[in-house]
Each structure stands twice: as structure tokens, then as C-alpha cells.
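Structure at a glance
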Amino acid sequence: MLFRSACLLGALIAERWKNRNELLDIGAGTGLLMLMMAQKSKGRIQGIEIERECFGQLQQNIMASPWRERLTPIQGNAVDHDFGQLFDGIISNPPFFENDLPSSDTKARIARHSLLLTIKQLFGTARKWLKADGELALLVPHDRIDYCKATAEEHGFHLTACTHMRHSSTHDHHRAVLIFEQINAPKAVETEFTLMQEGQQYTREAHDLLKDYYLYL
């Protein structure tokens, strides 16, 4: 489910940002989000990853892609890295929510990240490197929306869009894609996204969103 949620984040933002030129993925992992955005955008995309093992895979995946000339992998900590430019969009699938991830190995990885980049530091970093009209996109557990909104406002960000995600119509919402901007929007635009319908088939909206990335759709 975690991988699928990340794919939904990537697909939603790749479509939203296809006309933006300078993009940054904080906590790029093995490059999933970078590659999905590159498939839609003609802009340049940087991705920073702190873990050496993940970074090695990130480099390999970028070099094997047809968009490698527009993709730049960076090994380091986003908090103290000097990117030397501002970005039109910053995306992150932040690994801060230990209780949402059952694997002990995954929890250990999350804990290491949390020591080096907290959610508050993420907003602080985005504030430093995002253009005035840029967007920050995050994938978060659904029950952490209010916490992220409050933390965002401490750093001058405001929620302008929220996509509530659930596995099916019989499931509760489990994730949310949040879009923040440095403008005080009167009210965030809220939408619903349901992945599966009866018979474990993708909904039409899921099919249309993911068909360019999943070979079997």
C-alpha cells in the first residue's frame, strides 16, 4: 500500500506540475517520484537523498531512464544543502510517521530520517528554496492533516489543496496529498480519490491517473 500511495502522489503531482520548470524531490529514495514527474514534465528535476544505499539505487535508476539529462541526484541532507536556486515545486513523501509503518526494518529507517529531518525542518527547508508562487506537495497519513496544517502555518505556508485518499468506498481515508503555498488562500480545495471498486478493479479515476505508469492498465 505504501508503494501504491507513493505512485498516486507521483501521478497527481506530475499532472499538476507538467508545465513547471524547476522541481525538487526531498527524500528522493530510489527515484520513483522524480521519474514519474520527468515522464510528464520537460523541466529539470533534482532529488536529494541522505541514505547511501538508496542514493546508489537512485543513481542507477536515473542513468537507466530516458530523462537522465534532466535529472540530478544529490547525496546529502536537505536541511544544510545549498541548492543554489529556487524551485517552482518541491515534493516529498516524508518518512516521519513511525506508527503508520508496521515493518521494524522500515521503522528503523524512518527513525534515522527523523533524527536528521523533522517535519518542521521540511517546511523550513521548503520556505528557503521555494519560489514565492511555488507549491509544496506532501503525502501524509490522513490523521496527520491538522498537524501538518498547523506546522505549515508556523512557517508561512497555507493549505490550498487536499486530496483525501482511500482504498475503496468501504474503507476509511488512509492518506492525503496536501498542497501548500505561501499565500493565504481563503479555503483549501478538497477532493476525494478512491483507488479500487468492487471486484478489486481500479476505479475509472485511478485507471485514468495511473495508466501512463502501470503497464497492465
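Notes on the packing of aromatic side chains
Scanning the entire structure with this criterion turns up four aromatic pairs. Judged by centre distance (5.2 Å) and plane angle (90°), the ring pair of Phe 123 and Phe 180 falls under edge-to-face. Of this pair, Phe 123 sits in helix 5 (residues 119–129) while Phe 180 sits in strand 7 (residues 173–181), and the two are 57 residues apart along the sequence. The class of Phe 180 is buried, set by a relative accessible area of 0%. Through a chain of ring-to-ring contacts, three or more aromatic side chains come together here, namely Phe 83, Phe 87 and Trp 129.

A word on the pattern of salt bridges
A full pass over the atoms with the stated rule returns 10 salt bridges. Note that Glu 135 is salt-bridged to Arg 20, the shortest N-O span being 3.8 Å. Here the residue Glu 135 occupies a position in strand 5 (residues 130–141), and Arg 20 occupies one in the loop between helix 1 (2–16) and strand 1 (22–26), the gap between them amounting to 115 residues. Lys 40 serves as the salt-bridge partner of Asp 212, at 2.6 Å between the closest nitrogen and oxygen. Here Asp 212 is found in the segment after helix 7 (204–210), whereas its partner Lys 40 is found in helix 2 (residues 32–40), with 172 residues between them in sequence. Taking the relative accessible area as the measure of exposure, Asp 212 reaches 36% and is therefore partly exposed. Assessed through its relative accessible area of 25%, Lys 40 is described here as partly exposed.

Some remarks on the sheet that holds strand 1
One open sheet holds the eight strands; their spatial order is 3-2-1-4-5-7-6-8, and the pairing between them is mixed. Since the sheet does not close on itself, it has two edges, and those belong to strand 3 (71–75) and strand 8 (189–194), each with one partner. Within the sheet, the average angular offset between the axes of one strand and its neighbour, ignoring direction, is 15°. With five bridges connecting them, strand 4 (residues 87–92) and strand 5 associate as parallel partners. The partner of Ser 92 across the bridge, within strand 5, is Leu 138. Contacts between helix 2 and the sheet are confined to strand 1, strand 2 (44–49), strand 3 and strand 4, with strand 2 contributing the most and set at about 175° to the helix.

A short note on the side chain of Thr 203
Its location among the elements puts Thr 203 in the loop between strand 10 (201–202) and helix 7. With relative accessibility at 11%, the residue Thr 203 sits in the buried group. The residues contacting Thr 203, other than those within four sequence positions of it, are Thr 194, Leu 195, Met 196 and Gln 197.

Structural notes on the environment of Thr 125
With respect to the element layout, Thr 125 can be found in helix 5. Through-space distance from the C-alpha of Thr 125 to that of Ala 78 is 7.0 Å; in sequence the pair is 47 residues apart. With near-sequence residues (within four places) excluded, Thr 125 lies in contact with Ile 26, Ala 78, Val 79 and Leu 117.

Details of the environment of Met 196
Relative to the helices and strands, Met 196 resides in strand 9 (residues 196–197). Sequence-distant contacts of Met 196, that is, excluding residues within four places in its chain, are made with Arg 4, His 167, Ser 168, Ser 169, Gln 201, Tyr 202 and Thr 203.

About the criteria used
- Residues numbered from 1 in each chain as written.
- Predicted model: local features only at pLDDT ≥ 70, side-chain atom pairs only at ≥ 80, totals over all residues.
- Heavy atoms only, no water.
- Phe/Tyr/Trp six-rings, centres within 6.5 Å; stacked < 30°, edge-to-face > 60°.
- Helix = DSSP H or I, 4+ residues; strand = E, 2+ residues; numbered from the N terminus.
- Buried < 20%, exposed > 50% of the residue type's maximum accessible area, 1.4 Å probe, protein only.
- Salt bridge = Lys/Arg side-chain N within 4 Å of Asp/Glu carboxyl O.
- Pairing = 2+ DSSP bridges.
- Axes fitted to C-alpha atoms, helices over the stretch in contact; angles between N-to-C directions.
- Contact = heavy atoms within 4.5 Å.

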